[in-house]
Structure formats: structure tokens, C-alpha cells
Amino acid sequence: MVPTSYWRKSWGSFVRPNTGSFDIRDVSCLQEPTSLRIVHLYRIDACCQRCDRAFSARDGHGMATVTGARVLTCPGCSASQAVSNRELARFSASHTATAMAAPRPVAEVA
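Keep in mind the model is a prediction, meaning the values are calculated, not measured.

**Overview of the overall build of the protein**
Looking only at helices and strands, one finds two helices and six strands in the protein. Along the protein, from the amino end to the carboxyl end, the secondary structure elements read α-β-β-β-β-β-β-α. The proportion of buried residues among the 110 residues of the protein is 28%. Across the protein, contacts joining residues at least 24 apart in sequence account for 45% of those joining residues at least 6 apart. Carbon and sulfur atoms form 53% of the exposed surface of the protein, whose accessible area is close to 7,600 Å².

What follows is the structure, encoded as C-alpha cells:
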């Protein structure tokens, strides 16, 4: 567990990193092809588990960039949570791989 003093020093007083939970539905970003490191994050589509509001977060609009992570803030209930860049990169890579997989043949109904 990270000590509270770490959050204050690294993230500043403008965020509360662990006050909410979100279901990440989509990540729109530019990634390096070999390392899958996120070069630019355009948007995160998420749903707040506290108030059940779906939203698209962009820098300055529901998302703040901090060292090593993004902090999502729900526009409905102001819940916030940090999501590491590594987890976002993994999610985006797995989501892209699934979308790019060859479609399965559709079974014909007689």
C-alpha cells in the first residue's frame, strides 16, 4: 500500500485517487507498436459504479494526467480514481486485438 504522504506529494491536493470505481469500456489512444506504450491518450469511455453514469473523459474534462496514471472524475457524483498508464495500455492492446481478430463464420439457420 502506498502511504498517504506519497499521494499528497505526487498528485497534489486537486485529486482524491481512491474515492470511486469505474468500468472502463473503451480507450482511444495512440500506442507504440512494439512496446504498446501509450504515446497519446485521446479519450477514455467509462461508467461510474457509484451513480451509474456513462461518460467520455478527455484531458481537462473528467480526466487529469499525473505521473504514471490518469485520474478519472465522474461528472455526475465527482467520484475519482487513478488508473495506471500500464493498465490502460494493456486494456487498449487487448481490446484492439479482439477487434482485429478474424470474424467467426455465422451459422446458417435452416
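**A closer look at the sheet that holds strand β2 (residues 38–48)**
Pairing in this open sheet of six strands is mixed, and the strands run β1-β2-β3-β4-β5-β6 from one edge to the other. The sheet is open, and its two edges are formed by β1 (22–31) and β6 (80–84), each paired on a single side. Taking the axes of each pair of neighbouring strands and ignoring which way they run, one obtains an average angle of 25° across the sheet. Where strand β3 (residues 54–59) and strand β4 (residues 62–66) come together, two bridges link them in parallel fashion. Residue pairing across strands places R58 opposite G62, the latter belonging to β4.

**Regarding the environment of I44**
Relative to the elements of secondary structure, I44 occurs in strand β2. In this structure I44 comes out as buried when scored by relative accessible area, which is 0%. Separated by eleven residues in sequence, I44 and F55 place their C-alpha atoms 8.4 Å apart. Setting aside residues up to four positions removed in sequence, I44 forms contacts with I24, D26, F55, S56, A57, M63, L72 and L88.

**What about the pattern of salt bridges?**
A full pass over the atoms with the stated rule returns four salt bridges. Between D26 and R43 there is a salt bridge, and its shortest N-O distance comes to 3.5 Å. With D26 in strand β1 and R43 in strand β2, this residue pair connects regions lying 17 residues apart in the sequence. On the basis of relative accessibility, which here comes to 28%, the residue R43 falls in the partly exposed class. Because the salt bridges share partners, they merge into one network encompassing D26, R43 and D45.

**Structural notes on the nonpolar core**
Counting residues in each nonpolar core, the largest one holds 17 residues, and the members touching the most others are F22, L41, I44, L72 and L88. Within the residue set of this core, elements represented by two or more residues are β1, β2, β3 and α2 (85–100). In terms of residue count, β2 provides more of this core than any other element does, five residues in total.

**Describing the side chain of R70**
Mapped onto the elements, R70 comes out in strand β5 (residues 69–73). Although R70 is buried, it makes no salt bridge; D59 carries the closest opposite charge, 5.1 Å away. A polar contact of 2.8 Å, which involves the side chain of R70, links it to the side chain of N85. Residues within four places of R70 in sequence aside, it is in contact with L41, M63, A64, T65, Q81, A82, V83, N85 and L88.

Calculation criteria
- Residues numbered from 1 in each chain as written.
- Predicted model: local features only at pLDDT ≥ 70, side-chain atom pairs only at ≥ 80, totals over all residues.
- Heavy atoms only, no water.
- Helix = DSSP H or I, 4+ residues; strand = E, 2+ residues; numbered from the N terminus.
- Buried < 20%, exposed > 50% of the residue type's maximum accessible area, 1.4 Å probe, protein only.
- Contact = heavy atoms within 4.5 Å.
- Areas by Shrake-Rupley, 256 points an atom, 1.4 Å probe, with all protein chains shown as cover.
- Pairing = 2+ DSSP bridges.
- Axes fitted to C-alpha atoms, helices over the stretch in contact; angles between N-to-C directions.
- Salt bridge = Lys/Arg side-chain N within 4 Å of Asp/Glu carboxyl O.
- Core = buried A, V, L, I, M, F, W, Y, C linked by side-chain atoms within 4.5 Å.
- Lys, Arg positive; Asp, Glu negative; His and termini not counted.
- Polar contact = N/O pair within 3.5 Å; in protein donor to acceptor, adjacent residues only side chain to side chain.

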